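What the coordinates show
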Amino acid sequence: MADQQLNAPPRAQSQVPADVPPGGIRHINRRHADRYTVVGNHLVQHRQLSLTAVGLAAHIQSLPPGASATIKTLATRFPEGEVRIAAALRELEAHGYLTRTRERLPSGRVLTHTTSYNNPSA
């Protein structure tokens, strides 16, 4: 029993590459074949946008053309409520990720056109 086992590893081998520091985030990524949206790091790591604005921008970028992105529609989809969603939309407008224009129809109804920019600095 006192014999040293030279063929046994001194400890369990890690599945993490050696160049990854201990602690912190590890990514296990699989490619998506369908139903995915590519979101730039400039958006998700933006230091001046709130987490609500970042999440809302990612959601809006995932919507198909013609989908409603009004404050009321978004408030029915998310628990944040109209006030926080309106503030997040203003943040996105201020940083160039959204533009919203309003059009009054002959019936008097106001229609909002939302344009989403996935890379406003480009």
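Further up the page is the structure itself.
To keep things clear, this report deals only with the structure shown in the data block. What you see is a predicted model, and the numbers here were worked out from it, not measured in a lab.

1. Comments concerning the overall build of the protein
Each helix and strand counted, the protein has four helices and two strands in total. Going from the N terminus to the C terminus, the protein shows its helices and strands as α-α-α-α-β-β. Here the protein, with 122 residues, has 17% of them falling under the buried criterion. Sequence-distant contacts in the protein: of pairs separated by 6 or more residues, those separated by 24 or more amount to 37%. Summing over all exposed atoms, the protein offers an accessible surface of approximately 10100 Å²; the carbon and sulfur share of this is 52%.

2. Quick word on the environment of Leu 43
Along the chain, Leu 43 turns up in helix H1 (residues 41–44). Linking Leu 43 and Asn 119, residues 76 residues apart in sequence, is a C-alpha distance of 8.2 Å. If near-sequence neighbours (up to four positions away) are discounted, Leu 43 is found in contact with Leu 49, Val 54, Ala 57, Ala 58, Gln 61 and Tyr 97.

3. Describing helix H4 (residues 82–94)
Taking 1.5 Å per residue, 13 residues should reach 18 Å; H4 reaches 18 Å between its end C-alpha atoms and fits that length. All buried positions along H4 are accounted for by Ile 85, Ala 86, Ala 88, Leu 89 and Leu 92. The buried side chains of H4 occupy one side of the element, clustering within an arc of 160 degrees when seen end-on. Of the residues in H4, the exposed ones pointing more than 90 degrees away from the buried face are Val 83 and Ala 94. One or two residues past the end of H4 sits Gly 96, with phi positive at roughly 85 degrees.

4. Some remarks on the nonpolar core
Core analysis: the largest hydrophobic core is formed by 15 residues, its most contacted members being Leu 49, Leu 56, Ile 60, Leu 74, Ile 85, Leu 89 and Leu 92. Elements that contribute at least two residues to this core include exactly helix H2 (51–62), helix H3 (71–77) and H4. A per-element tally of this core places H2 first, with five residues. Discounting residues that sit within four places of it in the chain, Leu 56 has contacts with Leu 74, Phe 78, Ile 85, Ala 88 and Leu 89.

5. Some words on the pattern of salt bridges
Summed over the entire model, instances satisfying the criterion amount to two salt bridges. Note that Glu 82 and Lys 72 form a salt bridge whose closest N and O atoms lie 3.5 Å from each other. Note that Glu 82 is positioned in helix H4 and Lys 72 in helix H3, a separation of ten residues in sequence. Its relative accessible area of 38% is what places Glu 82 among the partly exposed residues. Residue class for Lys 72 comes out exposed when judged on its relative accessible area of 55%.

Definitions and limits used
- Residues numbered from 1 in each chain as written.
- Predicted model: local features only at pLDDT ≥ 70, side-chain atom pairs only at ≥ 80, totals over all residues.
- Heavy atoms only, no water.
- Helix = DSSP H or I, 4+ residues; strand = E, 2+ residues; numbered from the N terminus.
- Buried < 20%, exposed > 50% of the residue type's maximum accessible area, 1.4 Å probe, protein only.
- Contact = heavy atoms within 4.5 Å.
- Areas by Shrake-Rupley, 256 points an atom, 1.4 Å probe, with all protein chains shown as cover.
- Expected span 1.5 Å × (residues − 1).
- Arc of directions from axis to C-beta.
- Core = buried A, V, L, I, M, F, W, Y, C linked by side-chain atoms within 4.5 Å.
- Salt bridge = Lys/Arg side-chain N within 4 Å of Asp/Glu carboxyl O.

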